[in-house]
Amino acid sequence: SLRGISVSQTFQGWRTVAAHLKKLAQDTTIVLNDGQRWSLRKIAARLPENGLVLADEVGMGKTIQAGFVMRQLLLDGPGRRIGVIVPDALIAQWRAELLDKFYLDDFPVAGGALPFEIVGHSEITRWGELIGVELLVIDEAHLVARANGPKDSPYRELASLAHATPRLLMLS
């Protein structure tokens, strides 16, 4: 089990998500550059078995790639929750993009809540609210992974949360 979460409770459709991501990468009606299409195919190949690290230059589409993965997860597994940890200054931007570009509000969870929760890098005490999400996305992951050792904050909290999450998508 994943710290109190039965493996049978976790989403079993990651291969379906991956297959749909491959189709998106081939869809010429979606405006993506060649590098973004290549990245989407690589994500699809690794996602069913692993977490991922997307590391690229600023402006190369990491947020877009993450948005595709998030939307496809919700299409193939309605009712799933996604956690997002981002630099504090980007919380509003991430929220706007997930709602305005990916329409993630089309997939409400129990009580009509949004299927994602965005928490800032500095809100370490709130990271525990993300326990039980199906997918954890960490933007600018290199910033929160910095610590003198594994027992130091925020690395300690991040590692604990990552180990309790079935899939991890780190952007850097």
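Analysis parameters
Residues take numbers from 1 onward in each chain, read along the sequence in its written order. Reporting of local features is limited, given that this is a predicted model, to residues whose pLDDT is at least 70; pairs of side-chain atoms are given and counted only at 80 or more, and all residues count toward the totals for whole chains, interfaces and linings. Only hydrogens and water are set aside when side-chain values are computed; all heavy atoms of the structure are taken into account. For every residue, the pLDDT score states the predictor's confidence, bounded by 0 at the bottom and 100 at the top. In this analysis, two residues are considered to be in contact whenever any of their non-hydrogen atoms come within 4.5 Å of each other. Numbered from the N terminus, helices here are DSSP runs of H or I no shorter than four residues, and strands are runs of E no shorter than two. Exposed residues in this analysis have more than 50% of their type's maximum accessible area, buried residues have under 20%, and partly exposed residues fall in between, with area computed by a 1.4 Å probe over protein chains only. N or O atoms closer than or at 3.5 Å make up a polar contact, with two conditions inside protein: a donor-capable atom paired with an acceptor-capable one, and, for residues adjacent in sequence, both atoms drawn from side chains. Here, any two strands with at least 2 DSSP bridges between them count as paired. Centre distance within 6.5 Å is the pairing criterion for rings of Phe, Tyr and Trp, where only the six-membered ring of Trp is used; planes under 30 degrees apart are then read as stacked, over 60 as edge-to-face, and the remainder as tilted. By definition here, a salt bridge exists when the distance from a side-chain nitrogen of Lys or Arg to a carboxyl oxygen of Asp or Glu is within 4 Å. Angles run from 0 to 180 degrees between N-to-C directions of axes, and those axes are lines fitted to C-alpha atoms, restricted for helices to the stretch in contact. By the definition adopted for this analysis, an angle is roughly parallel if under 35 degrees, roughly antiparallel if over 145, roughly perpendicular if from 65 to 115, and oblique otherwise. By definition, any crossing whose near helix is turned counterclockwise from its far helix by less than a right angle is left-handed, and any crossing with a clockwise turn is right-handed. When we speak of the arc, we mean the arc of directions from the helix axis to the C-beta atoms.

Enquirer: Help me understand the confidence of the model for the chain in this model?
Expert: Detailed reading of predicted coordinates is not advised where the pLDDT is low. Per-residue pLDDT for the chain has a mean of 81; in total, 84% of the residues score no lower than 70. Here residues 1-10 is modelled with pLDDT under 50, and outside its nearest four sequence neighbours on either side it reaches 17 contacts, counting other chains as well.

Enquirer: Would you mind showing me how to read the side chain of Asp139 here?
Expert: Mapped onto the elements, Asp139 comes out in the loop between strand E4 (135-138) and helix H5 (141-144). Given the relative accessible area of 5%, Asp139 is considered buried. Within the local environment of Asp139, its side chain forms a polar contact with the side chain of Trp94, the two groups lying 3.0 Å apart.

Enquirer: Please clarify how the pairing of strand E5 (residues 167-171) should be interpreted in this entry.
Expert: On a regular strand, one side chain projects to one face of the sheet and the next to the other, so that they alternate. In terms of residue burial, E5 counts as a mostly covered element, since four of its five residues are buried. In this sheet, E5 lies alongside E4 in parallel orientation, the contact comprising four bridges. Note that in E5 the partner of Leu136 across the bridge is Leu168.

Enquirer: Please explain the packing of aromatic side chains as it appears in this structure.
Expert: Given two aromatic rings, one states the distance between the centres and the angle between the planes to describe the pair. In total, this model carries one aromatic pair according to the counting rule given. For the pair Phe68 and Phe102, a centre-to-centre distance of 5.6 Å together with 80° between the ring planes defines the contact as edge-to-face. With Phe68 in helix H3 (residues 62-76) and Phe102 in the loop between helix H4 (91-100) and strand E3 (116-120), this residue pair connects regions lying 34 residues apart in the sequence. Summarising the burial analysis for this pair, Phe68 and Phe102 share the class buried.

Enquirer: Just checking my understanding: could you explain the pattern of salt bridges for this structure?
Expert: Close approach of charged atoms allows side chains of opposite charge to pair. Summed over all chains, the structure comprises four salt bridges. Here Arg126 makes a salt bridge to Glu123, at a shortest N to O gap of 3.1 Å. Between Glu157 and Arg156 there is a salt bridge; the shortest N-O distance is 2.8 Å. If you follow the salt bridges from partner to partner, you end up with Glu117, Glu123, Arg126 and Glu129 in one network.

Enquirer: Would you take a moment to explain the packing of helix H1 (residues 14-26) against H3 for this structure?
Expert: Each packed pair of helices is defined by two parameters, the angle between the axes and the distance between the axes. As a packed pair, H1 and H3 sit with axes 9 Å apart at the nearest point and diverge in direction by 125°. With respect to their mutual orientation, H1 and H3 come out oblique. Considering how the two elements wind past one another, H1 and H3 form a crossing that is right-handed. Facing Trp14, Thr16, Val17, His20, Leu21 and Leu24 of H1, the residues of H3 in contact are Phe68, Val69, Gln72, Leu73 and Asp76.

Enquirer: Explain unusual backbone geometry here, please?
Expert: The bulk of non-glycine residues show a negative phi, and the bulk of peptide bonds are trans. The linkage connecting Ser153 with the following residue, Pro154, adopts the cis geometry, with an omega of 5°. Relative to the elements of secondary structure, Pro154 occurs in the loop between H5 and helix H6 (155-163). Within the chain, Tyr103 stands out as a residue other than glycine whose phi angle is a positive 50°. The topology assignment puts Tyr103 in the loop between H4 and E3. Backbone geometry at Glu140 places phi at a positive 55°, although glycine is not the residue there. Classification of Glu140 by relative accessible area gives partly exposed; the value is 22%.

Enquirer: Where do I start with H6 in this structure?
Expert: In an α-helix there are 3.6 residues to a turn, and that puts residues three or four apart on one side. Those residues of H6 lying buried are Leu158, Leu161 and Ala162. Along the long axis of H6, the arc covered by the buried residues comes to 100°, so they all point the same way. The inward-facing, buried residues of H6 contact strand E2 (82-86), E4, H5 and E5.

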